[in-house]
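Chains, contacts and geometry: an overview
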Amino acid sequence: MSIYSINQQKIAADLSENQVHQSKWTDWHWQLRHSINRVDTFEKLLGIKLNDVERRKIELTLRKFPLSITPYYLSLIDTDDFRNDPIFRQAFPDPKELEIDKCDMSDPLAEDRDSPAPGITHRYPDRVLFHISNVCSMYCRHCTRKRKVGDTDSIPDRDQIRAGLDYIRGATEVRDVLLSGGDPLMLSDQYLDWVLTELRQIKHVQVIRIGSRMPVVLPYRITDGLVEMLKKHHPIWLNTHFNHPREITSSSKQALRKLADAGIPLGNQTVLLAGVNDCVRIVKSLVHKLVENRVRPYYLYQCDLSEGLSHFRTPVGKGIEIMEGLIGHTSGFSVPTYVIDAPGGGGKIPLTPNYLISLSTNKVVLRNYEGVITTYAEPESYKTKFCERQCTTCDLQLKLEGADDNNNATGIEQLLCDYDETISLTPAGNERMERRDGS
Ligand SMILES: *Cc1c(COP(=O)(O)O)cnc(C)c1O
């Protein structure tokens, strides 16, 4: 018998003092009602004992960052070596959370500053983050929104959600809405159905994405009723958050199967965490298990600079080392994009090992994953075209119906294009420029 099933029976029995029927264990409401948020319950259920000094420190940590874990996720902990257990480390408070590093910030991604309406973070031109829940079924110790955990444990009421919907309705450039939180699947099917129906009535919203950790920490939330409801609102995509291969259990596989069978493309966002998954073999095993269950590894995140996460952070070199061990060594669709979410709110910045060694006008020198150095000859016949964005007269057959009609390039794209006169980008407050303006 697996660790998981032994724990499951013991935990279920301890929680309600009687034998718990399987139908209760797999009822997500039962799981939420029996979420563990006290250290002593945690110890009792796992049959572990912390010393007094340790317990006091943990209690202190809990005052700032509360504890909550579902019985299901708790049951995945290997009690024989719980201190090194990846589930334990993601779920159980560590006094190191109270240590604040120089570089720590309470809102490193400036999600609050980039919020034009309640619950909305509008950072990229064509997509928004829409926070429709302030609650999660479990509190991840590495949460980037740690500052908010336990503050307002609520689902926003319809008026609050309407304000966000109004913003999206008015922002006609938004074609992709990412439902986030908290965990959006903490909403009832009925409430979520209402939000999705409202969003679907907005013409310019083409795609709706849901970000949820339920398949990992409470897979029983993925019920037949939920997927039947979601199916009505296609195209719906869902990104989840597996960090370790041990999280892929028969229950989570079943949840993923239901979602995939409902035609929902599944992605996964992993956070690189010291002591949990900072190892090429662990990440490789994780991505293989994900694709086996029809989940496409999407992002591998460098741990954010949120307060209380310093003990989870790895150097960026660890992420590059992991990418080096994946690219070429395994199927392309098993490889996530490694990103740093820019502190200050610049969005996600992709990082890869360097494959371009050098170039001339005739040749490019490259290396592959094996270290083989090769050359690629540049085409001799390519006619450089000057693009004025006169797409209607261009000989490339771009039928503009439904195409991106934004004519303004930004960033490096702006420097590269021919239809914009900009030749350099200068940071605001550049002294040399200020001297020029002043003279
Ligand atoms: C991550 C994120 C998105 C979505 O980014 P993608 O790269 O399209 O997945 C959108 N808005 C915000 C604020 C984000 O942090």
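What you see is a predicted model; the values in this text were computed from it and never measured.

Parameters and conventions
- Residues numbered from 1 in each chain as written.
- Predicted model: local features only at pLDDT ≥ 70, side-chain atom pairs only at ≥ 80, totals over all residues.
- Helix = DSSP H or I, 4+ residues; strand = E, 2+ residues; numbered from the N terminus.
- Rg over C-alpha atoms; globule rule 2.2 N^0.38 Å.
- Buried ≥ 20, exposed ≤ 12 C-beta atoms within 10 Å, placed from the backbone.
- Contact = placed C-beta atoms within 7 Å.
- UniProt positions renumbered as here; feature names shortened; annotations may be inferred.
- Pairing = 2+ DSSP bridges.
- Axes fitted to C-alpha atoms, helices over the stretch in contact; angles between N-to-C directions.
- Core = buried A, V, L, I, M, F, W, Y, C linked by C-beta atoms within 7 Å.
- Domains from an automatic or database assignment.
- Near = placed C-beta within 6 Å.
- Nonpolar A, V, L, I, M, F, W, Y, C, P; charged D, E, K, R; others polar.

This part is about the overall build of the protein. A count of helices and strands for the protein gives 16 helices and twelve strands. Compactness check: the protein gives a C-alpha radius of gyration of 24 Å against a globular reference of 22 Å for 439 residues, within 12% of the reference. Structurally, the protein occupies a C-alpha span of about 75 × 50 × 50 Å along its principal axes. The buried share of the protein, taken over its 439 residues, is 34%. Considering only contacts within the protein whose residues lie at least 6 apart along the sequence, 75% involve residues at least 24 apart.

Attention shifts here to the UniProt feature "domain: Radical SAM core" (unreviewed entry) in the protein. UniProt records the feature "domain: Radical SAM core" (unreviewed entry) for residues 122–334 in the present numbering. This span, residues 122–334, is 34% helix and 17% strand, and a straight line between its end C-alpha atoms measures 29 Å.

Glancing now at the UniProt feature "binding site: [4Fe-4S] cluster" (unreviewed entry) in the protein. This chain's UniProt record puts "binding site: [4Fe-4S] cluster" (unreviewed entry) on Cys136, Cys140 and Cys143. Looking at the secondary structure, you find cysteine 140 in the loop between strand 2 (127–131) and helix 8 (158–170). By the secondary structure assignment, cysteine 143 is in the loop between strand 2 and helix 8.

Once that is clear, we can look at the sheet that holds strand 8 (residues 337–342). If you walk across this open sheet you meet the nine strands as 1-2-3-4-5-6-7-8-9, and the pairing is mixed. Because the sheet does not close on itself, it has two edges, and the strands there are strand 1 (120–124) and strand 9 (347–351). Strand after strand, the sheet turns through a mean of 30 degrees between neighbouring axes, direction not considered. Here strand 4 (residues 207–211) runs beside strand 5 (residues 236–240); their pairing, made up of four bridges, is parallel. Pairing of arginine 209 across the sheet is with tryptophan 237, part of strand 5.

Our next topic: the nonpolar core. Membership of the largest hydrophobic core comes to 82 residues, with the highest contact counts inside it found for Tyr73, Met138 and Val177. Looking at which element gives the most residues to this core, the answer is helix 13 (residues 280–292), with four residues. Counting contributing residues, this core receives three or more from each of domain 1 (3–98) and domain 2 (120–351). If we ignore the near neighbours within four places in the chain, the residues touching valine 177 are Val128, Phe130, Ile168, Leu199, Val205 and Ile208.

Glancing now at the site of the ligand. Neighbouring the ligand are Thr121, Arg123, Tyr124, Arg127, Leu129, Leu178 and Lys348. Every element with two or more residues in the shell around the ligand is listed here: strand 1 and strand 2. Here the shell around the ligand gets three residues from one element, more than from any other, and that element is strand 1. Grouping the amino acids of the shell around the ligand by side-chain chemistry returns three nonpolar, one polar and three charged.

Before going further, it helps to spend a moment on the domain arrangement of the protein. Entries for the protein in the domain assignment read domain 1 (3–98), domain 2 (120–351), domain 3 (354–382) and domain 4 (385–439). Relative to domain 3, the C-alpha centre of domain 1 lies at a distance of 53 Å.

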